[in-house]
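A structural walkthrough
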Amino acid sequence: MSWDATALESLGHAQRYESRAITAENRTGAKGNGGKAASPLGISRKGSPCLNDIPSGETVTLADIEGHGAITHIWFTVDEKTSESDCFVLRDLVLRMYWDDEEAPSVEVPLGDFFCCGFARACLVNSAPVAVVPNRGFNCYWKMPFRSHARITIENQHANPIPALFYQIDYRLDDDPPADDLAHFHAQWRRQPITELGHDYVVLDGVKGRGHYVGTYLALSTLERYWWGEGEMKFYIDGDDAYPTICGTGTEDYFGGSWSFARQENGRTVEQTYCTPYLGYPYYSRHDELIHNDYHNDDVPPQRGFYRWHIPDPITFRHDLKVTLQQIGVGYRGLFERRDDVTTVAYWYQVEPHAPFPELPAAEARWPR
């Protein structure tokens, strides 16, 4: 049964939970505590819709929830820049999530990349768990269960204060205790600004325990000419060493496409973007259209953003997991090893505890080319 069909099926039954929501106006999500702030129109008339002027260097707790339940929907919107020279807000804000009083986060991802908007630029995304709609409406529907506590923070690593951050975190408090086999949601960001020839890029490793891998976001800046997408996605599962249990047939194949996503247009080969519930290529650009300068043009290396959700087909592991991606291209001379700028977000569920994440690079090291 598909993601949507499962949700629709459940609507025919009485729900065994209480619904709550956290916003800038109701920071605790407390029952009967929404809409109390005042505006020029009076009390409970659009009084406090956002967090204002979040200082540079500050970490703000967005949610601090006691009890057992699950986060069911998260929405954000924020401007992409604070000035012409400070235009990477979506890479400078770091989203973190902690489950059941753990000290190390289970989610640590720049805000834009978490919502499949790499390169610090928003794009439209139309998928089952992640949707980005005009203008910069970032939504996710990943179910994020917790046994006793959930905490979500956002850190401003941008050079300037963030004038306005709008958000809503919808969650539920369950009547029934959590199952013994509850698996927590995780997401991890990685980048290799220049990959090594003949060495596979590591999407995820060091995962120990039992769980299932549910998705990949790839933000690729190609640094060499010719076709870039022959590299295979590999999943090393439960003790795999030299060779993986699952090995794909090519990068565009992993994201559901084929034959370079291409169409012919006036003698030129043109790639086509697309969005579907579980796989997509929502972003392609060779230009930075957010800023203008009288002394240089807006060219950037070709930028491509992809997602693949393993929701109908999660990749399960019982003991450990490693995920890699090759950088292989092809041209008239045949296959060749490539070096490109690769960024990924890996999404998975696992039974806690999880292994520590690699240290997140500093803000400037995360900026796109």
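As a convention, each chain's residues are numbered from 1 in the sequence order in which they are written. Reporting in this predicted model follows two pLDDT cut-offs: at least 70 for local features of residues, and 80 or more for side-chain atom pairs to be given and counted; totals over whole chains, interfaces and linings ignore these cut-offs and use all residues. To get the side-chain values, take all heavy atoms of the structure and skip hydrogens and water.

Under the annotation held in an unreviewed UniProt entry, the protein chain carries the name DUF2961 domain-containing protein and is attributed to Bifidobacterium miconis.

1. What to know about unusual backbone geometry
Glycine aside, residues mostly have negative phi, and peptide bonds are mostly found in the trans state. Definition in use: Each helix corresponds to a stretch of at least 4 residues labelled H or I by DSSP, and each strand to a stretch of at least 2 residues labelled E; elements are numbered beginning at the N terminus. Each residue gets one of three labels from its accessible area relative to the maximum for its type: buried under 20%, exposed over 50%, partly exposed in between, using a 1.4 Å probe on protein chains only.
A cis amide bond links P134 to the next residue, N135, at an omega of -15°. Structurally, the position occupied by N135 is in the loop between β10 (130-133) and β11 (137-140). With omega at 5°, the peptide bond leading from E352 into P353 counts as cis. Tracing the backbone shows P353 in the loop between β29 (341-350) and α5 (363-366). A positive phi angle, near 55°, is found at D100, a position not held by glycine. Here D100 shows up in the loop between β7 (93-99) and β8 (107-110). Judged by relative accessible area, D100 falls into the partly exposed class, the value being 21%.

2. A look at the side chain of D86
Using the following cut-off: The convention is simple: Lys and Arg are positive, Asp and Glu are negative, and His and the chain ends are not counted. Criterion for a salt bridge: a side-chain nitrogen of Lys or Arg within 4 Å of a carboxyl oxygen of Asp or Glu. Residues adjacent in sequence count toward polar contacts only when both atoms are side-chain atoms; beyond that, a polar contact is any pair of N or O atoms within 3.5 Å, and within protein one must be able to donate a hydrogen and the other to accept it. Contacts: residue pairs with any heavy atoms within 4.5 Å of one another.
With respect to the element layout, D86 can be found in the loop between β6 (69-77) and α2 (89-92). K81 provides the closest opposite charge to the buried, salt-bridge-free D86, at an N-O distance of 11 Å. A distance of 2.8 Å separates the side chain of D86 from the side chain of S83, its partner in a polar contact. Among the polar contacts made by the side chain of D86, one reaches the side chain of N160 at a distance of 3.0 Å. Among all residues touching D86, those that are not within four sequence positions of it are K81, H158, A159 and N160.

3. Regarding the pattern of salt bridges
What the rule picks out here adds up to 17 salt bridges. Notably, a salt bridge pairs E265 with R263, separated by 2.7 Å at the nearest N-O pair. The exposure class assigned to E265 is partly exposed, which follows from its relative accessible area of 31%. Beyond isolated ion pairs, a larger network of salt bridges with shared partners links R96, E108 and E155.

4. Concerning the layout of surface pockets
For clarity, the cut-off: Cavities and pockets are defined on a 1 Å grid built over the protein atoms alone: a cavity is a set of grid points where a 1.4 Å probe fits but cannot escape, while a pocket is an open set with protein on both sides within 12 Å along at least five of seven lines, and lining residues are those with an atom within 4 Å of any such point. Grid points are joined across faces, edges and corners, and a volume is the space filled by probe spheres set on the points. Here the nonpolar group is Ala, Val, Leu, Ile, Met, Phe, Trp, Tyr, Cys and Pro; Asp, Glu, Lys and Arg are the charged ones; every other residue, Gly included, is treated as polar.
In this structure, the second largest pocket occupies an estimated 610 Å³ of space. Lining the second largest pocket are 20 residues, and of these Y226, W227, T269, E271 and R304 lie nearest its centre. Put simply, the parts of the chain that give the lining of the second largest pocket at least two residues each are β21 (268-271), β23 (279-287), β24 (299-309) and β27 (328-331). It is β21 that contributes the most residues to the lining of the second largest pocket, four residues altogether. Split into classes, the residues belonging to the lining of the second largest pocket amount to nine nonpolar, four polar and seven charged.

5. Digging into the pairing of β23
Put simply, the test is: Strand pairing is assigned whenever DSSP identifies at least 2 bridges connecting the two strands.
The sheet contact formed by strand β22 (residues 274-275) and β23 spans two bridges and is antiparallel. Opposite C275, over in β23, you have G280 as the bridge partner. Counting the residues between successive antiparallel strands, the hairpin from β22 to β23 contains three residues.

6. Regarding the sheet that holds strand β18 (residues 233-237)
Taken in spatial order, the four strands line up as β16-β26-β18-β19 in an open sheet, and their pairing is antiparallel. The two strands at the open ends of the sheet, each matched to only one other strand, are β16 (201-208) and β19 (246-247). Bridge count between β18 and strand β26 (residues 320-325): five bridges; the pairing is antiparallel. Note that in β26 the partner of Y236 across the bridge is K322.

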